[in-house]
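# Structural overview for review
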Amino acid sequence: MELTTKYLGLRLAHPFVAGASPASDTVERCVRLERGGAAAIVLRSLFEEQIDRDALAHHQAEFGHADAHHEARSYLPMVDDCVFGPDEYLAHLREVKRAVSVPVIASLNGYTHGGWLEYARTLDAAGADALELNLYAVATDPGESGDELETRALAIVQAVRRAVRMQVAVKLSPFYTSLANFALRLRQAGADALVLFNRFFEPDLDLEQLQVTTSMELSDSRELRLRLRWLALLSGQGDCGLAVSGGVHTVRDAVKAILCGADVVQVVAATLRGGPDVFGQLRDGLWRWIEENGYRSLGQMRGSMNAARSPDPKAYERVNYLRALQTWRGELDS
Amino acid sequence: MQTTPTITVDGNEAVASVAYRLSEVAAIYPITPSSTMGELADEWAAHGRPNLFGTVPTIVEMQSEGGAAGTVHGALQTGTLATTFTASQGLLLMIPTLYKVVGELLPFVMHVAARTVATHALSIFGDHGDVMAVRQTGAALLCSANVQEAQDLACIAHLATLQCRVPFVHFFDGFRTSHEVRKIVPLADDDLRALVDVEAVAAHRRRALTPDRPVLRGSAQNPDVFFQAREAQNPFHRDCVRATVAAMERFAQRTGRRYAPFAYHGHAEAERIAVVMGSGSACVRAVVDHLVARGERVGVLTVRLFRPFAVDAFVGSLPPSVQRLAVLDRTKEPGAVAEPLCLDVMAALRRAEQAGTATWTKSPQVVGGRFGLGGKEFTPAMALAVFAALAREVPPPEFTVGITDDVTGLSLPYDRAFELPRAGRTEAVFFGLGADGTVGANKSSIKILGDATEMHAQGFFVYDSKKSGAMTVSHLRFGSEPFDAPWLIGRADFVACHQFAFLDRYGVLDLAAPGAVLLLAAPFPPERLFDELPREVQERILELRLRVYTIDAEAVARAAGVGGRINTIMQVCFFALSRVLPVDEAVRRIKESIQKSYDKKGDEIVRRNFAAVDQALQHLHAVPLPGVATATRCRPETVAAAAPEFVQRVTAVMLAGHGDELPCSAFPPDGTWPTDTARWEKRAIATAVPVWDASICIQCNKCTLMCPHAAIRAKVWQPAVTSAPADFPAAPFRGKEFGEANLTIQVAPDDCTGCGLCVQICPARDKGNPRHKAIDMTPVREVRDRERARYAFFLELPDVDRAAVAKLDVKGSQLLRPLFEYSGACAGCGETPYLKLLTQLFGDRLLIANATGCSSIYGGNLPTTPYAKDAAGRGPAWANSLFEDNAEFGLGFRLSVDMLTQRARKLLRALAPLLDADALVDDLLAEHDRTDAWIDAQRRRVVALRQALAALPHPEAQELAELADHLVPKSVWLVGGDGWAFDIGFGGLDHVLSMHHDVNVLVLDTEVYSNTGGQASKATPLGAAAKFASRGKAVDKKDLGLMALNYGHVYVASVAIGAQDAHTVRVLREAEAHPGPSLVIAYSPCIAHGYDLVFGADQQKRAVQSGVWPLFRYDPKVAERGEPPLVVDTVGGAVPVAEYMRNEARFRMVERIDPAGFRRYALGAQQAAARRMATYQHIAQLRFPSVAAGETKHGAEPAPAGPEA
């Protein structure tokens, strides 16, 4: 059974890709992901804002007290090779590229227009096989309308896509008023694939200190449902690739995502919990499921339950309330 | 384009560059003002820069200058070219080794940024006291007078020593030359290569100590041969002058720059000649030119090679017309016939006359004068006074110049207003804040003009002695013609004041020339600016017809996102107004400079600074001036009228910046200085201060405990006080010991630095609005007047009765008056909370021996000092001896106090029969725990004793009356940093700990040499970047506590006040109570750690929780009870060590440089923490068997061991 998949112009041995996570933070871990069976590796995001914050903090530490007292020209060593920029990320990317033979997808989270563009170009030049743009922002500015926000994002995608040779995926959050429309415009802006969805750090409260704490919990299978809906709704619209990210933990999860239209299944939490061998297990499990359920190919099953092809497409559009009402009515009828 | 390449550097860099390239090994130790030379050498080596021989020199930092000298000696003996850099006390510590190096004829150069040696006081500034202390070693002494010379003579010294084998001390004036930024012609590698005699290098290597050609050196010689062997060396010293002159000649041939042991400048038939060494010579030269132009027969002889003193060269340099010589020494040798240079000159003249080589017909008259001690300015006006004195009918045989000596009358009068004409030169002064980057921007301006144009540029930078809110004054000169003016600017064409508040506090316009441009950074629109000025400033502006410009630089900086760094904005304004460069070109070059400086530090930094530059000119405005002064407001008095007489007469003058004008009689002749002066200096440097909300406060007093400046305080007071301001905040005190009492927590708005530590530590939040705490930072302009009035009233409230405080814990201790207040330490300093707490607990009976370092600078640097007195006039008595000897110094305190106590007790016992007060005597002599209540009672008994003694005519009664205060125990504390305790002073500290005397050691461990700029110490932790460990320290810190507790009788504890404050309070009390030596090692966050110190306490918590900084107490008396003596108060492991490390730039920068290395260090630090904790916990399990006399296995007495048994 052939499991090969095309995604971002890359030919992958199967749909299971290591999503952006600490699991790809070192070369050794990337090698283990490949050995475990990952078909491609998405590196953790290069955060423009983090680079700038680091640089500014260091700048303050280095220069904030320099030339301020007779006895000390500075208080930290002045070292030329203490650089703040994407160099470390690029070096990691190059090393990972050398160490593994599966495609390596860089990931980028910018916060200035110039930063998005420049870093994307740099990642391209450093040999990334593709790029995942992480449109990760909580819209908090009451002065900015949804349309303005989307327009800004589209401009970034368009500029980046024009600036780089490699194909570009856009990783989205589900929090858009008209996600279908936005997805369409992203495709028009040049996005080669969409990744559904980003997961955010979420605030929590420390009741003793009365402080807000933030953390990221690993996902579980329940989070898949939201993604299934949007995979199904967006699948089959044009030739834009689709990847699912968040909520795939088992073979059955993966099968559902593929049936709803996912070209690629990004796996993070299952790797962090179960180790890199989870990729091989998912691949083999998928293979068995296809065999056991009589599909001819992966292509045949992919998207077969999307909104265009599923027997009850309206189900993806309904809210739970309506569905529950019908179920109850049906039971009364019988 | 320029034909000759030039560089713009300071003296230290110019010298270090030569020394580095001509050396293979450098062993160094940081000391101001020479530290930069070692730091640069270390940086270059870290970047793999090779020396002239193609290898990267090995740079090692030692534990002291003595260690550095020893290492250099060993390296020289075994055949490498070695060097070192030092100054002042550091040079003195090298003297024993220097004798050896000279005695063994090892070719060697050490470079000295000459600095005052501490006497009645420490001074970091320049004079020749240190180099004069090595005359007797026999090293050659070669002196440079400016930055170009410093580079050139550094090279000549290295060349000459290789030829003649006599070691050289090459020196130049500390700060004046070491820190002067100048444009010079550099020595290229090719120059050095052409000049160095490789055969001489080979010969040095052939003399190396090696088992392949074994010899013995350093023998012990007997009276039969030592003398002859010593004299056998004479030819080498005789050859030294020739070798130096030859090196100078070769140098001249290569570079065109010609030097000689002595250089004469002036009238060809001069009659009056000044002889001078160092940077002062340029000043005399300038005056000579001025006088010669007016037809006077004067000249100046500059001494470069002081030792060996070349009599013939000296005589040959003097015009035969000479009649009178004034020899100017930048040192003082009390008791000598004259100062050293003067004595040598007198002897040289006599020697020439005896030898018949004298060129003059009548023996010249020689007078000696002292100038420039302790970095005192030496100006043309002073040089002019010297020539005037020489012209007197009878010149004064001994004089001083630059001061007013109304005690011994030795000083020459001089005209303070005198200025030499300076056509074609622009002179500019800039008043900035330490943190606003003014000095850095000015250095950049000099580089821009020096490197990119044909202009000549010079810069001096003056700082005040405070570490927070400090003022910097930059003195910049630019000119199309070369100039040498090593004195500060007196009349500037351009005056910039980067902090508007300075206009109220300092005589900013004192330095303005008539018609000068005045640039003010101010938060006012131009049309309002003049009205905001104090009246004196307005009048001076109008009187001098200044052209005034203004910019709201802080607003521009904020908009550009560069925080408080207004430097580049002001730099653009300077170029725009001074027109030394076309403004477009200046902007372009400033941007180039920004790009170059910050390129690797991130695009965002560059972008923001570019934005600041681009915005500057649009916000620069001319200020319209009315014809008359409009202000009704005058500059506030420097100190309040209530200040004591000494503060009014002396301190206030120093604070106003006029200390130079104080006469000798103003000063106590032995260096004794009053305490309790910081409170008269109201610096008002905070932009936001904490304000207390009594309704939320839970009265934990953590805010006051953590405040580094004693600027937020708690007081309990009786509601019966009726004079309180109407809105004076108070809350009912939660506690019973004072009855129905109020508690008030109050900020000192003019003493707060705005660090925010108190607010960060405050645990009490408003339930309805948790952002609001019991104290919140509030913009000071909104509350200053109100809080000033409140604080004034707060101070008037009586202090709490110490004996009445129920429990001396965190809360209780903070009700006591701090006797360490408003120091000049950095905002957020991690050291000072410990000291403040110490003074609260024991301040009224506290003696502090303080090692040199940060704590001696914020503790004892004039004009004002923070140690204070209580209402009874008691308080800490404080002294600083040296860096290296503090443990021994403090032990001396203890021995002395014990001796006087013993004497008092003996007298008391002897006089008891006469006193008829048996109960009083018994109580006075009784041993008791040193509680505050008992001490209070003992003090009252001492008063009663004095009354009783007054009735006795016995002379011993008089003696006892004077000694009676020693019946009240004194608390002796030895305070210093890790540089002292772990490194330079460790030998002494270890010895003092090994004894039984009751001294308490407080080590304020910042894990680096903080005061000199963050050099690594043995307390620097694994993986931390520090100078001399710029890629992360490769080994973990020494466990001083573990070493000390091995003694068994020493109380040892490790504390972190921000992590467990109650533990710290407890430890200080236990340490004080322990009757033997105690050692407390205190985690002290420091700016050298590289994070915002508002998070100091959080970071201390992380350090403790991660196990990097374990808290423990080892109490010998517990061991005596048979219980485990070590209590480990924390377990660690709760936070990954890497998380602690990632919060500090000192670790994070290692991660940027070498991510894999960082991971290794983080793992290593985690393992080390676990290992340390396991060791402690193991010790904490130990129960030492208690062996009473008669219980040993083998009989009544332990069996004697060894051959005598």
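Residues numbered from 1 in each chain as written. Chains lettered and ligands numbered in written order. Predicted model: local features only at pLDDT ≥ 70, side-chain atom pairs only at ≥ 80, totals over all residues. Heavy atoms only, no water.

What follows deals with the environment of G985 of chain B. All names here are of chain B. Looking at where G985 falls in the secondary structure, it is placed in the loop between α34 (978–984) and α35 (986–993). By relative accessible area, G985 is classed as buried at 0%. The spatial distance from the C-alpha of G985 to the C-alpha of L882 is 9.6 Å, given a sequence separation of 103 residues. Ignoring anything within four residues of it in the chain, the contact list for G985 reads E884, G979 and W980. (Helix = DSSP H or I, 4+ residues; strand = E, 2+ residues; numbered from the N terminus. Buried < 20%, exposed > 50% of the residue type's maximum accessible area, 1.4 Å probe, protein only. Contact = heavy atoms within 4.5 Å.)

Our next topic: the interface of chain A and chain B. Chain A puts 38 residues into the contact, and the matching count from chain B is 57 residues. Taken over both partners, the interface formed by chain A and chain B buries close to 4,400 Å², and the fraction arising from carbon and sulfur atoms is 55%. Of all residues in chain A, H70, E71 and Y75 of chain A bury the most surface against chain B, accounting for 19% of the area lost on that side. Along the contact surface separating chain A from chain B lie six salt bridges. Put simply, R1031 of chain B and D81 of chain A hold a salt bridge, and the shortest N to O gap is 2.7 Å. The tally of links between chain A and chain B comes to 17 residue pairs in polar contact (both at pLDDT 80 or more). (Buried area = accessible area lost by both parts, 1.4 Å probe. Salt bridge = Lys/Arg side-chain N within 4 Å of Asp/Glu carboxyl O. Polar contact = N/O pair within 3.5 Å; in protein donor to acceptor, adjacent residues only side chain to side chain.)

Taken together, the side chains of L205, L207 and V212 of chain A present a nonpolar region at the surface, about 340 Å² in accessible area. Here L205 of chain A shows up in strand β10 (residues 202–206). (Patch = residues over 30% accessible without salt bridge, like charges linked within 9 Å, V, L, I, M, F, W, Y side chains within 5 Å. Areas by Shrake-Rupley, 256 points an atom, 1.4 Å probe, with all protein chains shown as cover.)

Residues and elements named next belong to chain B. The terminal C-alpha atoms of helix α3 (residues 65–77) lie 18 Å apart, and with 13 residues this matches the ideal 18 Å at 1.5 Å per residue to within 8%. What α3 keeps buried is the set E65, G67, A68, A69, V72, H73, A75, L76 and Q77. Those residues of α3 hidden inside the fold are in contact with β2 (25–28), β4 (82–86), α4 (88–103), α8 (198–206) and α34. Near the N-terminus of α3, the side chain that reaches the backbone nitrogen of G66, with its oxygen 3.1 Å away, is that of S64. Following α3 by one or two positions, G79 adopts a phi angle in the positive range, close to 100°. (Expected span 1.5 Å × (residues − 1).)

In this section: the sheet that holds strand β14 (residues 365–371) of chain B. Residue and element names in this part refer to chain B. Taking strand neighbours across the sheet as the criterion, the six strands line up as β9-β11-β10-β13-β14-β15 in an open arrangement whose pairing is mixed. In this open sheet, the two edge strands, each paired with only one partner strand, are β9 (262–266) and β15 (398–401). Mean inter-strand twist for the sheet, computed between neighbouring axes without regard to direction, equals 25°. Relative to strand β11 (residues 298–303), helix α11 (residues 280–293) is tilted by about 160°, and along the sheet it contacts β9, β10 (272–277), β11, β13 (324–329) and β14. Packing against the sheet, helix α13 (residues 340–355) makes contact with β10, β11, β13 and β14, and its axis sits at approximately 145° to β13. (Pairing = 2+ DSSP bridges. Axes fitted to C-alpha atoms, helices over the stretch in contact; angles between N-to-C directions.)

A few words now on unusual backbone geometry. In the segment running from L196 of chain A into F197 of chain A, the intervening peptide bond is cis, with an omega of -10°. For F197 of chain A, the location among the structural elements is in the loop between β9 (193–196) and β10. Unlike most non-glycine residues, F175 of chain B shows phi in positive territory, near 65°. You can see F175 of chain B is positioned in the loop between β7 (168–173) and β8 (181–184). You can call F175 of chain B buried: its relative accessible area is 9%. Even without being glycine, R579 of chain B reaches a positive phi, approximately 55°.

All right, on to the environment of A640 of chain B then. All names here are of chain B. Mapped onto the elements of the fold, A640 is located in the loop between β22 (621–622) and α23 (645–655). Residue class for A640 comes out partly exposed when judged on its relative accessible area of 42%. C-alpha of A640 to C-alpha of E681: the two residues are 41 residues apart in sequence and 8.8 Å apart in space. When neighbours within four sequence positions are excluded, A640 is seen to be in contact with Q648 and W680.

All names here are of chain B. If you look at the biggest cluster of nonpolar residues, it comprises 193 residues, and the most contacted ones within it are W980, L1002 and L1079. Considering every element that reaches this core, the biggest residue donor is helix α42 (residues 1155–1180), with nine residues. Ignoring any residue separated from it by four or fewer positions in sequence, one finds L1079 in contact with L993, V1001, V1003, L1040, A1044, V1050, Y1051, V1052 and A1053. Of all hydrophobic cores here, the second largest spans 101 residues; its members include A19, A140, V201 and F306. (Core = buried A, V, L, I, M, F, W, Y, C linked by side-chain atoms within 4.5 Å.)

Attention shifts here to the packing of aromatic side chains. All names here are of chain B. Taken as a whole, this structure holds 36 aromatic pairs over all chains when the rule is applied. When the centroid spacing of 5.5 Å and the interplanar angle of 65° are considered together, the rings of W717 and F728 count as edge-to-face. Note that W717 is positioned in strand β24 (residues 712–717) and F728 in the loop between β24 and β25 (731–732), a separation of 11 residues in sequence. In this pair, the class of W717 matches that of F728, namely buried. Note on F883 and Y1009: the rings are 6.2 Å apart at their centroids and 85° apart in plane angle, and the pair reads as edge-to-face. On the criterion of sequence distance, the pair formed by F883 in the loop between β29 (877–879) and α30 (886–915) and Y1009 in strand β32 (residues 1008–1009) is long-range, its members being 126 residues apart. Overall, the relative accessible area of 5% leaves Y1009 in the buried class. (Phe/Tyr/Trp six-rings, centres within 6.5 Å; stacked < 30°, edge-to-face > 60°.)

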